[in-house]
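Structure assessment
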Amino acid sequence: MIPEADASTLYDLGYECAADKNYVYRYGNIDNNIDVGTICILSPNYFKDRENIWYRGKRVHAYPAPDVPGFRLLNHLYAADNHTVYMEGIPVIQKHGTKPGKIKVYGEFIIINGKTYQYNFPIRIHLKTFRKIAPQYAVDKNAVYYLDYRFHSKGIYTPP
């Protein structure tokens, strides 16, 4: 039982977190580190308050600190602010002033200023011919890509 909770205004934040008009609760306890008056739910995994980004109920840490007003979701895997790309709440790529239009996302592939990454690993693909052909497939002139594996035209795959 949580005596401070207001059942009439309680709502789910996901991953063991909930909030009412007065407090945020994590694992059944009041968490005064989250500003209940400024919570904005971004997805089932992400929410933000005035000063922080939260992923699955844990504060996202990065250096420099996350840019809360500039934080946005790119797809189910990636999010970004004005200086960092995050994968599942973890800062993975510093993008140093990249404008939002200069980021392209294809499943787990992300292209930033012409450099391609799979998760946080740089990979070599032929950018001029790289294109998405289905939700989990992309192609370039040399290969077909699916999730964590690269399928060559000869049917041989290479783990990353």
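None of the values given here were measured: they were computed from a predicted structure.

Take the confidence of the model for the chain next. Looking at the chain as a whole, its pLDDT mean stands at 82, while 87% of the residues score no less than 70. When pLDDT is averaged over each helix and strand of the chain, the minimum, 38, is found for strand β21 (residues 157-158) and the maximum, 95, for strand β7 (residues 53-55). The low-confidence segment residues 149-160 (pLDDT under 50) makes 21 contacts with residues lying over four places distant or belonging to another chain.

As a further point, take the sheet that holds strand β8 (residues 58-59). Two orientations exist for strands paired in a sheet by backbone hydrogen bonds: parallel and antiparallel. Taking strand neighbours across the sheet as the criterion, the four strands line up as β5-β6-β7-β8 in an open arrangement whose pairing is antiparallel. Taken across any chain shown, the strands that pair with only one partner, and hence form the sheet edges, are β5 (40-41) and β8. With two bridges connecting them, β5 and strand β6 (residues 46-48) associate as antiparallel partners. Within the sheet, the bridge partner assigned to isoleucine 41 lies in β6 and is phenylalanine 47.

Attention now moves to the sheet that holds strand β3 (residues 24-26). The strand order across the open sheet built from four strands is β1-β2-β3-β4, with neighbouring strands paired in antiparallel fashion. Two strands close off the open sheet at either side, each with one partner strand: β1 (11-14) and β4 (29-30). Sheet topology places β3 next to β4; two bridges connect them, and they run antiparallel. Opposite tyrosine 25, over in β4, you have isoleucine 30 as the bridge partner.

To continue, consider the side chain of serine 43. Here serine 43 shows up in the loop between β5 and β6. Reaching out from serine 43, the side chain makes a polar contact with the backbone nitrogen of asparagine 45 at a distance of 3.1 Å. Within polar-contact distance, the side chain of serine 43 engages the backbone nitrogen of tyrosine 46 at 3.0 Å.

Membership of the largest hydrophobic core is limited to eleven residues, which are Leu77, Tyr78, Ala80, Val85, Met87, Val92, Ile93, Ile103, Ile110, Ile112 and Tyr117. When contributions to this core are tallied by element, the ones reaching two or more residues are β10 (78-80), β11 (84-87), β12 (90-94) and β14 (109-112). Once you skip the residues sitting within four places of it in the chain, tyrosine 78 turns out to touch Leu73, Val85, Tyr86, Met87, Val105, Gly107, Glu108, Ile110, Gln118 and Tyr119. Residues Val24, Ile34, Val36 and Trp54 belong to the second largest nonpolar core, which totals nine residues.

On the surface, Ile133, Tyr137 and Val144 cluster together into a nonpolar patch covering about 240 Å² of accessible area. Secondary-structure assignment places valine 144 in strand β19 (residues 143-146).

Trans peptide bonds make up the majority, and among non-glycine residues the majority have a negative phi. Here tyrosine 63 and proline 64 are connected by a cis peptide whose omega angle stands at 0°. With respect to the secondary-structure elements, proline 64 resides in the loop between β8 and β9 (72-73). One non-glycine residue, tyrosine 15, lies in positive phi territory at about 50°. Within the secondary structure layout, tyrosine 15 lies in the loop between β1 and β2 (17-19).

About the thresholds
- Residues numbered from 1 in each chain as written.
- Predicted model: local features only at pLDDT ≥ 70, side-chain atom pairs only at ≥ 80, totals over all residues.
- Heavy atoms only, no water.
- pLDDT = per-residue confidence, 0-100.
- Helix = DSSP H or I, 4+ residues; strand = E, 2+ residues; numbered from the N terminus.
- Contact = heavy atoms within 4.5 Å.
- Pairing = 2+ DSSP bridges.
- Polar contact = N/O pair within 3.5 Å; in protein donor to acceptor, adjacent residues only side chain to side chain.
- Core = buried A, V, L, I, M, F, W, Y, C linked by side-chain atoms within 4.5 Å.
- Buried < 20%, exposed > 50% of the residue type's maximum accessible area, 1.4 Å probe, protein only.
- Patch = residues over 30% accessible without salt bridge, like charges linked within 9 Å, V, L, I, M, F, W, Y side chains within 5 Å.
- Areas by Shrake-Rupley, 256 points an atom, 1.4 Å probe, with all protein chains shown as cover.
- Salt bridge = Lys/Arg side-chain N within 4 Å of Asp/Glu carboxyl O.

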